[in-house]
Amino acid sequence: MTSPRDASRPTSWWWTQPTPTFQPLDSGLDTDVLIVGGGITGITLAYTLAEKGASVGLLESGYLAGEASGRNAGFLLAAPAEPYRERVEFWGREGARAVLQIGRRSHQRLRELVQRHGIDCDYEQKGSLRLSRSSVETEDIRASLPELRHDGFPMREVPVAEVVPAVAQPLFDAAFEVPEDGQVHPVKLQHGIAVAAIEKGARIHAHSRVTHARWQAGLWEVHANGQTARARTLVIATNAHTPQLIPALAPFIAPRRGQMLATEPLTERITSQPAYAQYGYQYWCQTPSGRLIIGGWRDVDFDAEVGFDTQPTERIQSAIEGGLAQLVPAGAAIEHRWAGTMGFARDGRPLVGWLDAAHHLAICGGFTGHGMGMAAACTLDLAELLEFKRAPGIASFDPHRFPDLRQRHEGIIVLGAGA
Ligand SMILES: Cc1cc2nc3c(=O)[nH]c(=O)nc-3n(C[C@H](O)[C@H](O)[C@H](O)COP(=O)(O)OP(=O)(O)OC[C@H]3O[C@@H](n4cnc5c(N)ncnc54)[C@H](O)[C@@H]3O)c2cc1C
């Protein structure tokens, strides 16, 4: 176990308890599949492949679940925070439905893993809330309800007074509930799955940054910590960081910052469900110990909330504090502040599938702020695709939906330095 007192650990509240230690790569590694990136994507893929009996390795540059996957709100949502109608306009009905189905299946997959391995991660399926701040937002959400229902996802309007404490009720115009959604302690969840994957034979290494890789004589040779890992198939699960290894993907996955804070434990229950407001730009939940975990407000400073810097900023943190003061007017001490980097995809949908099938290079990333709720089913399906089987659940996430990616006839055979 590593101790919360280690200064290099991520600063999110989820990292304040002891965590298991995952060793760095300190010798050569030979596996069928090698995954780069140890967040929810890499970890659930490693588990799934190991479960199928494949030989699988994973290299993570920092702590396992130390980046976005360990700095988020822990919401497991099937329906995205944005109005469904908007999603249908962007992606078409089939495309929007595919995202919903991935969300539902991801949640089911995580629940199954939590139960199968008895992972102690505060998992609860208690539904989620969308709270509208204006009549316009209310109408946007209301207008989506029939289409959502038709696609099999019941979201229902509930009285604000039933779900919001009296003091905060005037802030919201309407409330909507999705009963099937859930919440989890993301770091405990992922470390539990990683430990189970290792028990099934996966070779998982933290503190092992991949500097470069090259396709050579039918194998990927991947370099980290001065060691070489070899694999027949390479999967990039580095989300926002992907363009650092594959610069050609910079136009498709962009780094965006998300910020949060956590209060001291509160005696009052502010919310019993994960809550989203202002079209998904504001979100909060309360842990079993009573802490309010609240964040978002990116829309206050869109232009600044880009790039890889994970220092919380005064502007966004004070906007979040403003939201906190509305929910807890009596005040609450703030004990933790943090930021994380999300990978925003060009059309808002992740890139999942073969990037270059001829050179056995696949990708799973670009979750656009929803990876906790989407990755686990994407990796289930990707594991099928890696065996050259059909994977209809992720068909609409095929990276080659972008014509400019299809046009790369020469293939991708070098990653990182020299790419
Ligand atoms: C503040 C905030 C709140 C959020 N809230 C939610 C939420 O409630 N629900 C939800 O569904 N989503 C939420 N998200 C988004 C969610 O956290 C991400 O979509 C998800 O964690 C992405 O997982 P990932 O494994 O693909 O990427 P990451 O967690 O970013 O993992 C990628 C990993 O790759 C590693 N890496 C990068 N380069 C290399 C290299 N060269 N070699 C080795 N390793 C490398 C990184 O160190 C990193 O650990 C939130 C995000 C933030 C920042």
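All of these numbers come straight from a predicted model, not from anything done at the bench.

Cut-offs used in this document
Residues numbered from 1 in each chain as written. Predicted model: local features only at pLDDT ≥ 70, side-chain atom pairs only at ≥ 80, totals over all residues. Heavy atoms only, no water. Pairing = 2+ DSSP bridges. Helix = DSSP H or I, 4+ residues; strand = E, 2+ residues; numbered from the N terminus. Expected span 1.5 Å × (residues − 1). Bend = angle between axes of the 7 residues up to and from the residue. Contact = heavy atoms within 4.5 Å. Domains from an automatic or database assignment. Buried area = accessible area lost by both parts, 1.4 Å probe. Nonpolar A, V, L, I, M, F, W, Y, C, P; charged D, E, K, R; others polar. Polar contact = N/O pair within 3.5 Å; in protein donor to acceptor, adjacent residues only side chain to side chain. Near = heavy atom within 4 Å.

Enquirer: How do you make sense of the pairing of strand E9 (residues 210–216) when you look at a structure like this?
Expert: On a regular strand, each side chain points to the face opposite its neighbour's, so the side chains alternate between the two faces of the sheet. Sheet analysis places E9 next to strand E10 (residues 219–224), joined by six bridges and oriented antiparallel. Of the residues in E10, the one forming a bridge with Trp215 is Trp220. Count of turn residues in the E9/E10 antiparallel hairpin: two residues, of which Ala217 carries a positive phi of about 50°. Note: E9 against strand E19 (residues 414–416), three bridges, orientation antiparallel. Looking at the pairing, His212 lines up with Gly416 of E19.

Enquirer: How should helix H3 (residues 135–150) be read in this particular structure?
Expert: Given 3.6 residues per helical turn, the α-helix brings residues three or four places apart onto the same face. Between its terminal C-alpha atoms H3 stretches 24 Å, which fits the 22 Å expected from 16 residues at 1.5 Å a residue. Residue Ser144 marks the point of greatest curvature in H3, where the axis turns by about 30°; the proline Pro146 follows within four residues. Check the buried side of H3 and you find it contacts helix H2 (84–117), strand E4 (128–132), strand E6 (174–178) and strand E13 (275–277). Remark: Gly152 follows H3 within two positions and exhibits a positive phi of approximately 90°.

Enquirer: Hey, could you run me through the domain arrangement of the protein chain in this one?
Expert: Size of an interface, as often reported, equals the accessible area lost when the parts are brought together. When the domains of the protein chain are assigned, the result is domain 1 (26–127 + 180–252 + 346–419), domain 2 (128–179) and domain 3 (254–342). Around 1800 Å² of area is buried between domain 1 and domain 3 when both sides are counted, 63% of it from carbon and sulfur atoms. Of all residues in domain 1, the largest losses of buried area upon contact with domain 3 belong to Arg71, Phe75 and Ala240, amounting jointly to 30% of the total for that side. Of the residues that constitute the side of domain 1 that touches domain 3, the class distribution is eight nonpolar, nine polar and four charged.

Enquirer: When you look at the side chain of Gln286 in this model, what are you seeing that I'm missing?
Expert: Tracing the sequence through the fold places Gln286 in strand E14 (residues 282–286). A distance of 2.9 Å separates a polar side-chain atom of Gln286 from the backbone oxygen of Glu268. A distance of 3.3 Å separates the side chain of Gln286 from the backbone nitrogen of Thr271, its partner in a polar contact.

Enquirer: What should I look at first to understand the site of the ligand in this one?
Expert: By nearness alone, 36 residues border the ligand, and Thr41, Glu60, Ser69, Gly371 and Gly373 come closest of all. Ile40 has a polar backbone atom sitting 3.1 Å from an oxygen atom of the ligand. Measuring from an oxygen atom of the ligand, one finds a side-chain N or O atom of Thr41 at 2.7 Å. For the shell around the ligand, the secondary-structure elements that each account for two or more residues are helix H1 (40–51), strand E12 (253–265), strand E16 (334–345) and helix H8 (371–386).

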